[in-house]
Amino acid sequence: MKKWLLHICIIILFIFTSCTNEPVGEYVAVPTSSPLQIPQLFEENILNPIIPIDNPQTVEGIALGKKLFFDPILSANNTQACADCHAPENAFTDSSRFSDGIDGVFGNRNSMPLFNLAWNYDEKFFWDGNTFGLEHQAFVPVSDPIEMKSSWAQLEAELQQHPEYPNLFQQAFGASTIDSTLVTKAIGQFERTLISSNSKFDNYLLGKTELTSQELNGFNVFMDESRGDCFHCHGSDKNPLWTDNIFHNNGLDETFSDIGLGAVTGDPADNGKFKSPSLRNLNFTAPYMHDGRFTTLDEVINHYSEGLKNSVTIDPLMKKLTQGGVGLTDIDKTDLKAFLLSLSDYEFINNPNFKNQ
Amino acid sequence: MKKLASILFTFLLILSCSEDKDDNVSQVSTTFNFTHNWEGTLVTNANFNTIQYINANGEELSIEKLRYLISKITFQNTNGKTYIIDGYNLVDVTNNSNLSFSSVTTIPTGDYTNVSFVFGFNNDDNYNNNYPDLNSTSWNVPEMLGGGYHYMQLEGKFIDNTTTETGYAYHAIRAVDNSGTNLEFEDTFIEVNLGEVTITNNATFNIEMNIAQWFKSPNTWDLNVLNNMLMPNYDAQIMIYENGQNAFSLESVTQ
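Residues numbered from 1 in each chain as written. Chains lettered and ligands numbered in written order. Predicted model: local features only at pLDDT ≥ 70, side-chain atom pairs only at ≥ 80, totals over all residues.

### A look at the overall build of chain B
Note the following rule: Per the convention used, a helix needs a DSSP run of H or I reaching at least four residues, while a strand needs a run of E reaching at least two, with both numbered from the N terminus. In this setup the radius of gyration rests on C-alpha atoms only. A globule is expected at 2.2 Å times the number of residues raised to 0.38. Three classes are used. A residue is buried when 20 or more other C-beta atoms lie within 10 Å of its own, exposed when 12 or fewer do, and partly exposed in between, with C-beta atoms placed from the backbone. Placing a C-beta atom from the backbone of each residue, one calls two residues in contact when those atoms lie within 7 Å.
Helices and strands together make up the secondary structure of chain B, namely four helices and 16 strands. The globule rule puts the C-alpha radius of gyration for 255 residues at 18 Å, and the 24 Å found for chain B is more than 25% above it. The burial tally for chain B puts 38% of its 255 residues in the buried class. Relative to all contacts within chain B whose residues are 6 or more apart in sequence, the contacts with residues 24 or more apart total 73%.

Pasting the structure below:
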């Protein structure tokens, strides 16, 4: 009987001692990984996209970035969102030559279209490459005095007091304190999903459609060093980005009111150089050039054909300067335009994932 | 008897420990450094964008871009056996990148009758592979010229015969005549032979390119005539090939 009682006591003692106060951690949401869907032509032909190791793509991060992208809360007076100057229907650029900020003050450069940004391998953003990294790029307009004219302290406070955002940041990053780093990370994630890869020409390369004879000749003009010679700076059938993302002086001016890359590097040899834009989606991205000086593609083609202006830093690839350019025939001009328009991706501008809905 | 067996065993053990010649052959790594000069004067990207060189034809010129491809580094030993270093390297002087190339491939120490590399790609490498890194940096040759890849892009400005600063784009590719219905090719990749070398340790090859040589001999290059649109120019590509034969030299090997 004594032995039996002793056993009971030991068991009870064991139960009691095992019931210590175990600290129960707060539930932390783990964001769901959402790797970029790399298009076939990209996968086959070019290097992998740049995804920062400290900002992986997640379902929650992308959704939050999208909400922020379309939300005027980012501006000082809550009137302007990123999408105001980067409209989806314009392949995320502005149809106006220059964009105005919240005070109606205009900038001096055309808004850059946004797509395939994760494949900007050198990670130099803006027309003059003044900013390294997509997250850093997203950081700039919020406090720019002629754009959103807010301050990060103000925006962080507004977001922190917002009925929805704290929870969304918690879900996306597991953080209860909202700061500029997390805001730009989210916007960066959304912007990296803006992939354009479904133009008629893409489908031609994939064997899904045929080009017209005009488009085919236009492609040959593009690739022919004796005619258009566009491929040295603007990609090819082997480089579906249709840009080299490098800075060139393409003969727009003899003297420069805006020195572009030169102001960033401080090197006079870089004066008048601006980033080659992608030739995708030209049907939606007018006006053209860093200052939006050309309203039509015809003007652009005429520029390279007979409108080049010489200057000290003009790119050596801008040939036949004494005659103003490569001197394309009217047929070649028309066909080149037809080819360029075949790079337009209607699915991209109509993608509901990229719209504010 | 047991003692005798032990002595015999020990004796055999000692005898078996003779020198094995193979033990002296070790695998070493190699590095190739590329430096550039204009007739002996060092050229780096710091010297770019200023007209300061004079070519054999007397034209003053600058360099704004220089990048070129090297591939198939090959070591041939005294037995005729060859060791090929994996990979290729796009030397980019403009951006001061890839001026040094090291491979994971190792080679045995020993005497080699020749070390060589290919300037550009040989035809097999040029057409039978798709290189995402080279595509990403727009290094391709259009299909209308047979496809494949550039061998070199040398660009800049020169003072032409009207004293006007004019651009030049000296691009090397495989020579192709596209004037007929079929493309007619001539091989213009260059096998650069660096000569004999004895490898005793990890080795660094210091290779020089004399940029002036591309304009010099056997063809005195007239930039007034040949300054652009050289890719579809078959004769120009042959001249580039001929001038490139002596553009590279082995400055030293350190090990």
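### Concerning the overall build of chain A
Across its full length, chain A holds 15 helices and four strands. Over its C-alpha atoms chain A spans a radius of gyration of 27 Å, topping by over 25% the 21 Å that the globule rule assigns to 357 residues. Once the C-alpha set of chain A is aligned to its principal axes, its extents read approximately 115 × 50 × 40 Å. Counting the 357 residues in chain A, one finds 45% classified as buried. For chain A, the proportion of contacts with a sequence separation of at least 24, taken over those separated by at least 6, is 67%.

### Quick notes on the domain arrangement of chain A
Residue and element names in this part refer to chain A. Threshold: Domain start and stop points were drawn from an automatic or database domain assignment. When residues are grouped by polarity, Ala, Val, Leu, Ile, Met, Phe, Trp, Tyr, Cys and Pro land in nonpolar, Asp, Glu, Lys and Arg in charged, and all others, Gly among them, in polar.
For chain A, the assigned domains are domain 1 (56-195) and domain 2 (200-348). Inter-centroid distance (C-alpha atoms) of domain 1 to domain 2 is 28 Å. Residue composition of the side of domain 1 that touches domain 2, by class: eight nonpolar, nine polar and five charged.

### Focus on the nonpolar core
Rules: Residues enter a nonpolar core if they are buried, belong to Ala, Val, Leu, Ile, Met, Phe, Trp, Tyr or Cys, and are joined to the set through C-beta atoms within 7 Å.
The biggest cluster of nonpolar side chains holds 129 residues, and the ones touching the most others in it are A:Phe115, A:Ala186, A:Phe222, B:Ile70, B:Phe119 and B:Tyr151. Of the residues forming this core, the biggest block, six residues, is contributed by strand E5 (residues 65-77) of chain B. Both of domain 1 (56-195) and domain 2 (200-348) of chain A provide at least three residues apiece to this core. Other than its neighbours up to four places away in sequence, A:Phe222 contacts A:Gly228, A:Cys230, A:Phe231, A:Leu336 and A:Phe339.

### Regarding the interface of chain B and chain A
When the parts of a complex come together, some accessible area is lost, and that lost area is often used as the size of the interface. Listed by partner, the interface residues are 21 residues for chain B and 23 residues for chain A. Looking at the side of chain B that touches chain A, the elements that each hand over two or more residues are helix H3 (132-136), strand E10 (152-159) and strand E11 (165-172) of chain B. Considering every element that reaches the side of chain B that touches chain A, the biggest residue donor is H3(B), with four residues. The residue makeup of the side of chain B that touches chain A, split by class, is eight nonpolar, nine polar and four charged.

### A look at helix H10 (residues 213-223) of chain A
Side chains three or four residues apart in an α-helix point the same way, a direct result of the helix having 3.6 residues per turn. For H10(A), the full list of buried residues reads A:Glu215, A:Asn217, A:Gly218, A:Phe219, A:Val221, A:Phe222 and A:Met223. Looking at the buried positions of H10(A), the neighbouring elements they touch are helix H11 (231-234) and helix H14 (330-341) of chain A.

### A look at the UniProt feature "domain: Copper-binding protein MbnP-like" (unreviewed entry) in chain B
The criterion, for reference: UniProt positions are given in the numbering used here, feature names are shortened, and annotations may be inferred rather than shown by experiment.
When the UniProt feature table is mapped to this numbering, "domain: Copper-binding protein MbnP-like" (unreviewed entry) covers residues 30-225 of chain B. Secondary structure content for residues 30-225 of chain B is 5% helix and 49% strand, while the C-alpha to C-alpha distance between its ends is 41 Å.

### Describing the UniProt feature "binding site: heme c 2" (unreviewed entry) in chain A
Residues and elements named next belong to chain A. Using the residue numbers shown here, the UniProt feature "binding site: heme c 2" (unreviewed entry) corresponds to Cys230, Cys233 and His234. Mapped onto the fold, Cys230 is located in the loop between H10 and H11. Within the fold, His234 resides in helix H11. With 22 C-beta atoms packed within 10 Å, His234 lands in the buried category. Residues contacting His234, with those up to four places away along its chain left out, are Trp242, Thr243, Ser276 and Leu279.

### Side note on helix H13 (residues 297-306) of chain A
Among the residues of H13(A), those classed as buried are A:Val300, A:Ile301, A:His303, A:Tyr304 and A:Ser305. Where the residues of H13(A) are buried, they touch H14 of chain A.

### Concerning unusual backbone geometry
The omega torsion of the bond from A:Ala286 to A:Pro287 falls at 0°, within 30 degrees of zero and hence cis. Note that A:Pro287 resides in the loop between strand E4 (274-275) and H13. For the bond from B:Ser217 to B:Pro218, the omega torsion is 5°, close enough to zero to count as cis.

### Notes on the confidence of the model for chain B
Residues and elements named next belong to chain B. Keep this limit in mind: How sure the predictor is of each residue is captured by pLDDT, a score from 0 to 100.
On average, residues of chain B carry a pLDDT of 92, and 91% of them reach 70 or more. Contacts for the low-pLDDT stretch residues 18-22, under 50 throughout, to residues beyond four places or in other chains number zero contacts. Here the predicted complex carries an ipTM of 0.90, next to a pTM of 0.90.

### Considering the packing of H10(A) against H14(A)
All names here are of chain A. Cut-off, in case you're wondering: Axis definition: a line fitted to C-alpha atoms, over the contacting stretch in the case of helices. Angles run 0 to 180 degrees between N-to-C directions. Relative orientations are named as follows: roughly parallel for angles under 35 degrees, roughly antiparallel for angles over 145 degrees, roughly perpendicular for angles from 65 to 115 degrees, and oblique for any other angle.
Where H10 contacts H14, the two axes come as close as 7 Å, and the packing angle between them is 100°. When the interaxial angle is binned, H10 and H14 end up roughly perpendicular. In contact with Gln214, Glu215, Asn217, Gly218, Phe219, Val221 and Phe222 of H10, H14 contributes Asp332, Thr334, Asp335, Leu336, Lys337, Ala338, Phe339 and Leu340. By residue class, the composition of the contact of H10 with H14 is seven nonpolar, four polar and four charged.

### Focus: the packing of helix H5 (residues 134-143) of chain A against helix H8 (residues 180-192) of chain A
Residues and elements named next belong to chain A. The criterion, for reference: Crossing handedness follows the turn of the near helix against the far one: under a right angle anticlockwise gives a left-handed crossing, and clockwise gives a right-handed one.
Taken N-terminus to C-terminus, the directions of H5 and H8 make an angle of 115°; their axes are 8 Å apart at the nearest point. By the criterion of interaxial angle, the relationship of H5 to H8 is roughly perpendicular. Considering the relative orientation of H5 and H8, their crossing is right-handed. Between H5 and H8, the contacting residues are Leu134, Glu135, Ala138 and Phe139 on the first element and Ser180, Thr184, Lys185, Ile187, Gly188, Glu191 and Arg192 on the second. Per-class residue counts for the contact of H5 with H8 are four nonpolar, three polar and four charged.

### With respect to the environment of A:Phe125
All names here are of chain A. Summarising the element assignment, Phe125 is placed in strand E1 (residues 124-125). Judged by the 23 C-beta atoms lying within 10 Å of it, Phe125 is buried. Taking the C-alpha atoms as reference, Phe125 lies 26 Å from Leu159; in sequence the two are 34 residues apart. If near-sequence neighbours (up to four positions away) are discounted, Phe125 is found in contact with Asn120, Thr131, Leu134 and Gln137.

### Considerations on the environment of B:Trp214
Residues and elements named next belong to chain B. By the element assignment, Trp214 lies in the loop between strand E15 (203-210) and helix H4 (234-243). For Trp214 and Ser102, which are 112 residues apart along the polypeptide, the C-alpha to C-alpha distance reads 26 Å. Residues contacting Trp214, with those up to four places away along its chain left out, are Leu154, Tyr170, Ile240, Asn243, Gly244 and Ala247.

### Considering the environment of B:Asn201
All names here are of chain B. You can see Asn201 is positioned in the loop between strand E14 (190-199) and E15. Judged by local crowding, Asn201 falls into the exposed class, with 10 C-beta atoms found within 10 Å. Note: C-alpha distance between Asn201 and Ser103 (98 residues apart in sequence) is 15 Å. With sequence-adjacent residues up to four places away left out, Asn201 is seen in contact with Val28 and Gln255.

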